[in-house]
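Tertiary structure, described
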Amino acid sequence: MMASDSYLSIKEPAKAEFTEQRSRFIAFAWPVTGSDQVKPLLDSIQKEYYDARHICYAYMIGAQRDEWRANDNGEPSGTAGKPILGQINSAELSDILIAVVRYFGGVKLGTSGLIQAYKFAAQSVIENACKIEKFVTDKVEVYFRYNMTAYVMRFLKELDIQNFVQDYGSFEKCENVYECKIEVNVRLTLLEQFKEKISNLINVVGTKDIII
């Protein structure tokens, strides 16, 4: 069971291919984090498979899985984009784009045949993809004096936070100047614990040495 601040996606692009009554289906899956990434990926596939009869797709974006689209690209309505999206939903994935290239083989598959073919294409490429768990985060900035570095690094380690950006310079915050700043993307389920721990540290050393 996943936590309330996590969801499934794919780690890297994947591909699957099969033939149904001489029609060739080539399915691609990509990790995406915004709809602005969709068109360039589709353009690259359309350029490579310029002679294909159809390139149908669906995508789902966001932790809440509330940004999506399905496109039949000339296939009968509901026979391509919808079954592709259905497989994304069945796998409970998000931040994913799936496109299926079809080369018509001369035999009409009919409505039910098309639905099953696009469903199988999407299912196959999902099975070939490496699944990952992604987390909903909130960015927190921590400012501190240089001599507090060891304390800050220690509490980041205690919370198993490994991904952060550290910067050195001169940062003015609440009428104090700090030499260091870190930007941390904290999981929502750990946010209160993070703030509590950093507040405890602030209570010990004082706001002149560290502040959020």
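Now for a description of the structure that goes with this document. (Residues numbered from 1 in each chain as written. Predicted model: local features only at pLDDT ≥ 70, side-chain atom pairs only at ≥ 80, totals over all residues. Heavy atoms only, no water.)

Moving on, we get to the overall build of the protein. Each helix and strand in the protein was counted, giving five helices and 11 strands. Here the C-alpha radius of gyration of the protein, 24 Å, is well above what a compact globule of 212 residues would show, namely 17 Å. Projected onto its principal axes, the C-alpha positions of the protein cover 75 × 35 × 25 Å. Within the span of the protein, comprising 212 residues, buried residues form 42% of the whole. In the protein, 71% of the contacts between residues at least 6 apart in sequence involve partners at least 24 apart. Per element, the accessible surface of the protein, about 11800 Å² overall, is 46% carbon and sulfur. Side chains of the protein carry 25 positive and 28 negative charges; the gap between the two charge centres is 6 Å. (Helix = DSSP H or I, 4+ residues; strand = E, 2+ residues; numbered from the N terminus. Rg over C-alpha atoms; globule rule 2.2 N^0.38 Å. Buried < 20%, exposed > 50% of the residue type's maximum accessible area, 1.4 Å probe, protein only. Contact = heavy atoms within 4.5 Å. Areas by Shrake-Rupley, 256 points an atom, 1.4 Å probe, with all protein chains shown as cover. Lys, Arg positive; Asp, Glu negative; His and termini not counted. Charge placed at Lys NZ, Arg CZ, Asp CG, Glu CD.)

Here the focus is the sheet that holds strand β6 (residues 96–103). Spatial strand order, β2-β3-β6-β4-β5: five strands in an open sheet with antiparallel pairing. In this open sheet, the two edge strands, each paired with only one partner strand, are β2 (14–20) and β5 (67–71). Looking at each pair of strands side by side, their axes are set apart by 15° on average, direction ignored. Packed onto the sheet, helix α1 (residues 38–48) meets β3 (23–31), β4 (54–61) and β6 and runs at close to 20° relative to β6. Running at roughly 150° to β2, helix α3 (residues 110–128) makes contact with β2, β3, β4 and β6 of the sheet. (Pairing = 2+ DSSP bridges. Axes fitted to C-alpha atoms, helices over the stretch in contact; angles between N-to-C directions.)

Let's shift gears to the layout of surface pockets. Think of a ball as big as a water molecule: rolled over the atoms, this probe shows where empty space is left. For the largest pocket, the calculated volume is near 290 Å³. Lining of the largest pocket is provided by 15 residues; of these, T137, I161, N163, N185 and V186 occupy positions nearest its centre. Mapped by element, the contributors of at least two residues to the lining of the largest pocket are β8 (137–144), β9 (164–173) and β10 (176–187). In terms of residue count, the dominant contributor to the lining of the largest pocket is β10 (four residues). (1 Å grid on protein atoms, 1.4 Å probe; cavity = no way out; pocket = protein on both sides within 12 Å on 5 of 7 lines; lining within 4 Å. Points joined across faces, edges and corners; volume = space filled by probe spheres on them.)

Right, let's talk about the pattern of salt bridges for a bit. Tallied over the full model, the rule gives eight salt bridges. In this structure, E17 engages R24 in a salt bridge whose closest nitrogen and oxygen atoms are separated by 2.6 Å. Linking K197 and E158 is a salt bridge whose minimum nitrogen-to-oxygen distance equals 3.6 Å. Taken as a pair, K197 in helix α5 (residues 188–205) and E158 in helix α4 (residues 149–158) lie far apart in primary sequence, 39 residues in all. A residue is classified by how much of its surface remains accessible, and E158, at 52% relative accessible area, is exposed. (Salt bridge = Lys/Arg side-chain N within 4 Å of Asp/Glu carboxyl O.)

The geometry of an aromatic ring pair is captured by two quantities: the separation of the ring centres and the angle between the planes. Counted by the stated rule, this structure contains eight aromatic pairs. Centroid distance F18 to F25: 5.2 Å. Interplanar angle 10°. Geometry classified as stacked. Relative accessible area serves as the criterion here: at 16%, F18 is assigned to the buried category. The class for F25 is buried, based on a relative accessible area of 0%. Ring geometry for Y49 against Y103: centres 6.5 Å apart, planes inclined by 65°, an arrangement best described as edge-to-face. Pair noted here: Y49 is in the loop between α1 and β4 and Y103 is in strand β6, with a separation of 54 residues, a long-range link. We note that Y49, like Y103, is buried. The aromatic ring of Y178 is capped on one face by R145, whose charged end is 5.6 Å from the ring centroid. (Phe/Tyr/Trp six-rings, centres within 6.5 Å; stacked < 30°, edge-to-face > 60°. Lys NZ or Arg CZ within 6 Å of the ring centre and 35° of its normal.)

Let us look at the pairing of β5. In this structure, β4 lies alongside β5, joined through five bridges in antiparallel fashion. Its bridge partner lying in β5, I61 is registered against E67. Linkage of β4 to β5, two consecutive antiparallel strands, is achieved through a turn of five residues, within which G62 is found at a positive phi near 100°.

Where α4 meets α5, the axes come as close as 11 Å, and the angle between the chain directions of the two elements is 155°. With respect to their mutual orientation, α4 and α5 come out roughly antiparallel. You can see that α4 and α5 cross each other, and the crossing is right-handed. Counted together, Y151, F155, L156 and E158 of α4 and F194, K197, I198 and L201 of α5 form the full contact between these two elements. (Parallel < 35°, antiparallel > 145°, perpendicular 65-115°, else oblique. Left-handed = near helix turned anticlockwise from the far one by under 90°.)

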